[in-house]
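Chain by chain, the residues:
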Amino acid sequence: MDSNVLNHDIVTEILLHLPLTSVLRLRSVCKSWRDHMDSQVFRKWHIQQHAGGGDDTLLVQFSFRQGGVSELSMFSRRNGKLYSKFLPASQDILDYHLKRRFDTTKAARRAQIAGPANGLICIYYSDSRAPVAVCNPSLGHTSILPTCLPEPNPSSMPFEPNHHMTVCRNFGIWFDKVAQDYVVLQLLSCNTIGSQIGFHLHASLYSKATNSWRELAVGGSNIIGHGLYVNIPIDSSCKNSSFSYWLGFDTESNRVILSFDFRNEGFRILNIPYLETLNRLGKMKIFAEGDDSFLVFNSGEWEAHKWFNIFWLRIEENRLQLKSMQSVEPFDGYVIPKALYESGCVVLQYEHVHLILYNYDDEECVGCFEMKRDMVKIFEYRGSFVLP
């Protein structure tokens, strides 16, 4: 047997057992290794080998340096090291802003991220004219999505076509492992100035397989919800879930949660009267912990009294009901929950300069690292070989 073939087989076997973060670092060893790792065959084998998990789970900060250059800072709890990586996806969008003569400094502050979904993130801006990008940060690959369907045409609505419309734009992303295809959802909350109709919600769906958008309809209408305004995405810690969630308001200005099931393309509105009380009592942050359960952190201070409480809520008949509650010893300084990480841990922003990894099951701090300036989002991330 040729020794070169034997060496190649041995190297392949070793690489297949390594986590993705290690494989990506080894791409720079030599050209033959890089070409082999970039091949579709190797990527398919590696995906199959690690289908059950086991790769490094990272915490990723998405931020902007001076001049609008985007940056990823990755923290691994396993080895306690920090990595910095340039993220080209957002720079492509900023280049688009420059061509349109937009203020890129302001655009950077309005940048948002949906996901991740099997290693992919969706980067977008509040400006409805700005493009949308899907990126695999671990590979450094970016895809700018084609222009979405045009904004809803006022002439097709039951009001005067000359009225101005304001738009709040949100996105969600899901990866279908069966079809090996990713799907992006766009939500547009539109309002007509001077009209009695109020807000109404439109939705469009993009599929990588068709490389096109299509409008979603409910009951033959392209309006998903009358009197519904969606403005805040809810982060999810549920792996491979087909659901995405957003906070919004209904016609009576009551807080609601809008959920979308990518698998069945269905919307659902959840009433959350319990959360209104928590929001009035102090700062509140909600996370989706599963397809039908949520985790809520509530902190505040009144005179000399401080509190930091955790609530577990569950969906029952289109309402969120309290399942259990835990009171945690309050912190000396001001903390803001930013992200969930692995089982029983939450990332807390402390005094606007540090990030604390806090295990709320054991009620102890297990890590601390610097918060990047102009941080847009921090999220739990596991890399993949999926191309955007």
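An unreviewed UniProt entry annotates the protein chain as F-box protein originating from Salvia divinorum.

## Section: the sheet that holds strand 23 (residues 354-359)
Backbone-to-backbone hydrogen bonds pair the strands of a sheet. The strands run either parallel or antiparallel. Taking strand neighbours across the sheet as the criterion, the 4 strands line up as 21-22-23-24 in an open arrangement whose pairing is antiparallel. Edge positions in the open sheet fall to strand 21 (335-341) and strand 24 (364-370), since each of these has one partner strand only. Neighbouring strand axes in the sheet, compared pairwise and without regard to direction, differ in orientation by 25 degrees on average. Sheet analysis places strand 22 (residues 345-350) next to strand 23, joined by 6 bridges and oriented antiparallel. When the bridges of strand 23 are listed, C345 appears paired with N359.

## Topic: the sheet that holds strand 6 (residues 133-136)
Taking strand neighbours across the sheet as the criterion, the 4 strands line up as 4-5-6-7 in an open arrangement whose pairing is antiparallel. Each edge of the open sheet carries a strand with a single partner, namely strand 4 (112-117) and strand 7 (141-144). Between one strand axis and the next, the sheet turns by 20 degrees as a mean value, whatever way the strands run. By the bridge criterion, 4 bridges tie strand 6 to strand 7 in an arrangement that is antiparallel. Bridge pairing in strand 7 links C135 to T142.

## Remarks on the environment of G140
Looking at where G140 falls in the secondary structure, it is placed in the loop between strand 6 and strand 7. On the basis of relative accessibility, which here comes to 29%, the residue G140 falls in the partly exposed class. Considered as a pair, G140 and L387 are 247 residues apart in the sequence and their alpha carbons are 9.6 Å apart.

## Here we look at the packing of aromatic side chains
All told, the structure shown has 15 aromatic pairs when counted by the stated rule. Aromatic side chains Y124 and F171 sit 4.7 Å apart centroid to centroid with 50 degrees between the ring planes, which places their arrangement in the tilted category. Note that Y124 is positioned in strand 5 (residues 120-124) and F171 in strand 8 (residues 165-176), a separation of 47 residues in sequence. Note on Y245 and F294: the rings are 5.0 Å apart at their centroids and 75 degrees apart in plane angle, and the pair reads as edge-to-face. Taken together, the positions of Y245 in strand 14 (residues 243-249) and F294 in strand 18 (residues 293-302) put the pair 49 residues apart, joining distant regions of the chain.

## A short note on a negative patch on the surface
On the surface, E329, D361, D362, E363 and E364 cluster together to form a negatively charged patch. On the secondary structure map, E363 appears in the loop between strand 23 and strand 24. Note on E363: relative accessible area 39%, which makes it partly exposed.

Quick notes on the rules
- Residues numbered from 1 in each chain as written.
- Predicted model: local features only at pLDDT ≥ 70, side-chain atom pairs only at ≥ 80, totals over all residues.
- Heavy atoms only, no water.
- Pairing = 2+ DSSP bridges.
- Helix = DSSP H or I, 4+ residues; strand = E, 2+ residues; numbered from the N terminus.
- Axes fitted to C-alpha atoms, helices over the stretch in contact; angles between N-to-C directions.
- Buried < 20%, exposed > 50% of the residue type's maximum accessible area, 1.4 Å probe, protein only.
- Phe/Tyr/Trp six-rings, centres within 6.5 Å; stacked < 30°, edge-to-face > 60°.
- Patch = residues over 30% accessible without salt bridge, like charges linked within 9 Å, V, L, I, M, F, W, Y side chains within 5 Å.
- Areas by Shrake-Rupley, 256 points an atom, 1.4 Å probe, with all protein chains shown as cover.
- Salt bridge = Lys/Arg side-chain N within 4 Å of Asp/Glu carboxyl O.
- Lys, Arg positive; Asp, Glu negative; His and termini not counted.
- Charge placed at Lys NZ, Arg CZ, Asp CG, Glu CD.

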